[in-house]
Amino acid sequence: MSKEWEIVRSLLPETVGTALDLGAGRGISSYALAKDGWTVTALEPNDSSFIGAGAIKTIASETSLPITVALAMAEDLPFPESSFDLIHCRQALHHAGDLHKMVSEAMRVLRAGGTFLATREHVLTRKSDLRVFQDTHPLHHLYGGEYAYTLDEYRAAFAAQSPSRIEEFSPYQSELNFFPDNLDAERHRLARIAGVKPDQIPDFVFKIRDHYDSNPGRLYSFRVTK
């Protein structure tokens, strides 16, 4: 019921079918996809009953939704080519040890004309910012595995698969990347600082902030059509 999922839903194909939830975590997105009518395969390498595949199995069992769990790594998917109509990937691409391999595998199992949606991925301006991102990440010191890539690296990984279309959604372009905050609240905050009414804060202010934002780990989303 979140604003985030409302936006995700608007970016999904109009016709439901088979979906691979890549890096499914504890299965929240898998559940949301299945509730919307998708037949879901949730891929998660962690077998934990609290934050991993075990938790997803519990959700599938208790809800009787069409969710199958696969315990595997995203860089080596155990599925034949053209198996899915949708690849959904929420904050998982940046965990890849080999970004090109992970994207290549996702596109391999995606059917022609299918959608690969990667949301809320951490972006760097410079590779040298990675240490700053990791040092400020609240969880990296506990288990590692938190990475971020430059926009050029994400773009190159997608382009290498010769998709028919690549779309980017920058931090201030979509509330998908801003959630749980929202652009309206940010507009009001800026208006208070400037001493003006919120409707006097033009949209180009956010475009400028996008252009100059160099915060390590800022969020972008991508929709790729095969």
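Residues numbered from 1 in each chain as written. Predicted model: local features only at pLDDT ≥ 70, side-chain atom pairs only at ≥ 80, totals over all residues. Heavy atoms only, no water.

1. Describing the layout of surface pockets
So, step 1. Considering only enclosed or pocket space, the largest pocket measures out at about 1,200 Å³ in volume.
So, step 2. Gly-23, Ala-24, Gly-25, Arg-90 and Gln-91 are the residues nearest the centre of the largest pocket, which is lined by 41 residues in total.
So, step 3. At the level of elements, helix 1 (3-11), helix 2 (28-35) and strand 4 (84-90) are the ones that each hand at least two residues to the lining of the largest pocket.
So, step 4. Element by element, the count of residues in the lining of the largest pocket is highest for helix 2, at five residues.
So, step 5. Here the residues of the lining of the largest pocket sort into 16 nonpolar, 15 polar and 10 charged.
So, step 6. Its volume calculated, the second largest pocket comes out at about 270 Å³.
So, step 7. Looking at the second largest pocket, it is lined by 13 residues, and the ones nearest its centre are Asn-177, Phe-178, Asp-181, Asn-215 and Leu-219.
So, step 8. Tallied by class, the residues present in the lining of the second largest pocket amount to six nonpolar, three polar and four charged. (1 Å grid on protein atoms, 1.4 Å probe; cavity = no way out; pocket = protein on both sides within 12 Å on 5 of 7 lines; lining within 4 Å. Points joined across faces, edges and corners; volume = space filled by probe spheres on them. Helix = DSSP H or I, 4+ residues; strand = E, 2+ residues; numbered from the N terminus. Nonpolar A, V, L, I, M, F, W, Y, C, P; charged D, E, K, R; others polar.)

2. A closer look at the side chain of Thr-150
So, step 1. Topologically, Thr-150 is positioned in strand 6 (residues 149-150).
So, step 2. Judged by relative accessible area, Thr-150 falls into the buried class, the value being 11%.
So, step 3. Sequence-distant contacts of Thr-150, defined by excluding residues within four places in its chain, comprise Leu-124, Thr-125, Arg-126 and Lys-127. (Buried < 20%, exposed > 50% of the residue type's maximum accessible area, 1.4 Å probe, protein only. Contact = heavy atoms within 4.5 Å.)

3. Here we look at the packing of helix 9 (residues 183-194) against helix 10 (residues 204-212)
So, step 1. Taken N-terminus to C-terminus, the directions of helix 9 and helix 10 make an angle of 95 degrees; their axes are 11 Å apart at the nearest point. Put simply, helix 9 runs roughly perpendicular to helix 10. Within the contact between the two elements, helix 9 uses Leu-183, Glu-186, Arg-187, Arg-189 and Leu-190 and helix 10 uses Val-205, Phe-206 and Arg-209.
So, step 2. Within the contact of helix 9 with helix 10, the residues separate by chemical class into four nonpolar, no polar and four charged. (Axes fitted to C-alpha atoms, helices over the stretch in contact; angles between N-to-C directions. Parallel < 35°, antiparallel > 145°, perpendicular 65-115°, else oblique.)

4. Overview of the packing of aromatic side chains
So, step 1. One pass over the full model with this rule turns up eight aromatic pairs.
So, step 2. Taking 5.2 Å as the distance between ring centres and 90 degrees as the angle between the ring planes, the aromatic pair formed by Phe-79 and Phe-84 counts as edge-to-face. In this structure, Phe-79 and Phe-84 share a single accessibility class: buried.
So, step 3. With 5.2 Å between their ring centres and 35 degrees between their planes, Tyr-154 and Phe-222 make a pair best called tilted. Of this pair, Tyr-154 sits in helix 7 (residues 151-159) while Phe-222 sits in strand 8 (residues 218-225), and the two are 68 residues apart along the sequence. (Phe/Tyr/Trp six-rings, centres within 6.5 Å; stacked < 30°, edge-to-face > 60°.)

5. Some words on the pairing of strand 2 (residues 39-43)
So, step 1. Summarising burial for strand 2: four of the five residues are buried, a large majority.
So, step 2. Summarising the sheet, strand 1 (residues 18-22) and strand 2 pair through five bridges and their orientation is parallel. Residue pairing in the sheet places Asp-21 in a bridge with Ala-42 of strand 2.
So, step 3. Across four bridges, strand 2 lies against strand 3 (residues 67-70) in parallel orientation. Following the sheet pairing, Leu-43 is matched in strand 3 by Ala-70. (Pairing = 2+ DSSP bridges.)

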